[in-house]
Amino acid sequence: MTDDTHTLELGSMFGQHRILRLLGRGGMGEVYEVEHELTGKRHALKLLSSEVMEVPGALERFEREAKVMARLEHPGIVRVDFAGEDSGRHWLRMELMPGREVSGRSVVTLEDYVATKGGRLPESEVKALLSEILDALGHAHGKSLVHRDLKPANVLFDGDRVKIADFGLVNAAGAEWMDTQVRSTVINQDDEDTLIDGSGTGSRSRAIMGTYAYMSPEQRKGQPADARSDLYAVGLMTFRMLTGEETP
């Protein structure tokens, strides 16, 4: 499995958006900070991998999930406001998360935040973060929407608050495709490819390993996931934040 080679050139136009910088690279594509040429407003644009969209039924699932994500409004969920296709590539446009300042630098993901704080967080802070995460999950689960890929790299900071990103993307790709990618990566992993790098230099294999680390037992067996699978992932995230240790 190789990284998607269709990286957009910084400063170029992609549809009506100017590419400003690469924010991150995950198992299903890349995320860029972009600026709309007419409004001047900045967004995060997730460019889905061509490999993902070539999976049978992916386009139909993507269109269906994009509509669901666009209707999902909650202060603890990253808002998706537009989706489209340009130059044969499909994308989702999301609100841009500013991150949180820690020791003079801005961190965006919960993964990076915990690492910056020394690998573990005080119990009181973990409880506060969990309250926000569980409130957002409860809202989504109430609409019968399961994340299926909940992990610290998908929890983003908007100042002091956190928001969950990427609801519905696993559904768009198809659970079978994700299961194949995870199994392939786990078999072929090296010692250093374990987690996504929020700085934008991470690889797809690191992102997939991040997915594997927080997968519920039924997902690891290739069985259907439901709301309980998300809660299992939250439990593993809690263990990591409190102990600083790898998930059991």
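Going by the structure above, here's the rest.
Reading guide: rules and limits
- Residues numbered from 1 in each chain as written.
- Predicted model: local features only at pLDDT ≥ 70, side-chain atom pairs only at ≥ 80, totals over all residues.
- Heavy atoms only, no water.
- Phe/Tyr/Trp six-rings, centres within 6.5 Å; stacked < 30°, edge-to-face > 60°.
- Helix = DSSP H or I, 4+ residues; strand = E, 2+ residues; numbered from the N terminus.
- Buried < 20%, exposed > 50% of the residue type's maximum accessible area, 1.4 Å probe, protein only.
- Core = buried A, V, L, I, M, F, W, Y, C linked by side-chain atoms within 4.5 Å.
- Contact = heavy atoms within 4.5 Å.
- Salt bridge = Lys/Arg side-chain N within 4 Å of Asp/Glu carboxyl O.
- Axes fitted to C-alpha atoms, helices over the stretch in contact; angles between N-to-C directions.
- Parallel < 35°, antiparallel > 145°, perpendicular 65-115°, else oblique.
- Left-handed = near helix turned anticlockwise from the far one by under 90°.
- Nonpolar A, V, L, I, M, F, W, Y, C, P; charged D, E, K, R; others polar.

Enquirer: Would you mind going over the packing of aromatic side chains with me for this structure?
Expert: Scanning the model with the defined rule gives two aromatic pairs in all. An angle of 50° between the planes, with centres 4.8 Å apart, marks the rings of Tyr113 and Phe157 as tilted. With a gap of 44 residues between them, Tyr113 in helix 3 (residues 110–116) and Phe157 in strand 9 (residues 155–158) connect regions that are remote in the sequence. A residue is classified by how much of its surface remains accessible, and Tyr113, at 1% relative accessible area, is buried.

Enquirer: So what exactly am I meant to see when it comes to the nonpolar core here?
Expert: What tends to happen in soluble globular proteins is that the nonpolar side chains get buried as a cluster. Core analysis: the largest hydrophobic core is formed by 29 residues, its most contacted members being Leu110, Ile133, Phe167 and Met241. Among the secondary structure elements, those contributing two or more residues to this core are helix 3, helix 4 (123–142), strand 9, strand 10 (161–164) and helix 9 (227–243). Considering every element that reaches this core, the biggest residue donor is helix 4, with seven residues. Sequence-distant contacts of Leu110, defined by excluding residues within four places in its chain, comprise Leu129, Pro152, Val155, Phe157, Met237 and Met241. Val80, Met97, Leu156 and Ala165 belong to the second largest nonpolar core, which has 17 residues in total.

Enquirer: Just to check I follow, could you spell out the pattern of salt bridges for this structure?
Expert: For side chains of opposite charge, pairing can occur when their charged atoms come near one another. With the rule as written, the count across this model stands at 14 salt bridges. The partner of Asp166 in a salt bridge is Lys46, with the nearest N and O atoms 2.8 Å apart. Taken together, the residues Asp166 in the loop between strand 10 and helix 5 (169–173) and Lys46 in strand 4 (residues 42–48) connect sequence positions 120 residues apart. Classification of Asp166 by relative accessible area gives buried; the value is 16%. Here Lys46 falls in the buried class, since its relative accessible area comes to 9%. With a shortest N-O distance of 2.6 Å, Arg228 and Asp226 are connected by a salt bridge. Judged by relative accessible area, which is 27%, Asp226 ranks as partly exposed.

Enquirer: Just checking my understanding: could you explain unusual backbone geometry for this structure?
Expert: Excluding glycine, residues mostly have negative phi values, and the peptide bonds linking residues are mostly trans. Even without being glycine, Ser103 reaches a positive phi, approximately 50°. Counting through the fold element by element, Ser103 comes out in the loop between strand 7 (100–102) and strand 8 (105–107). Judged by relative accessible area, Ser103 falls into the exposed class, the value being 73%. Even without being glycine, Arg148 reaches a positive phi, approximately 75°. If you trace the backbone, Arg148 turns up in the loop between helix 4 and strand 9.

Enquirer: What should I look at first to understand the packing of helix 4 against helix 9 in this one?
Expert: As a packed pair, helix 4 and helix 9 sit with axes 11 Å apart at the nearest point and diverge in direction by 165°. Between helix 4 and helix 9, the angle falls in the class roughly antiparallel. Of the two elements, helix 4 crosses helix 9, and the hand of that crossing is right-handed. Judged by residue contacts, Glu123, Val126, Leu129, Leu130, Ile133, Leu134, Leu137 and His141 of helix 4 engage Ala227, Asp230, Leu231, Val234, Met237, Thr238, Met241 and Leu242 from helix 9. For the contact of helix 4 with helix 9, the class distribution of residues is twelve nonpolar, two polar and two charged.

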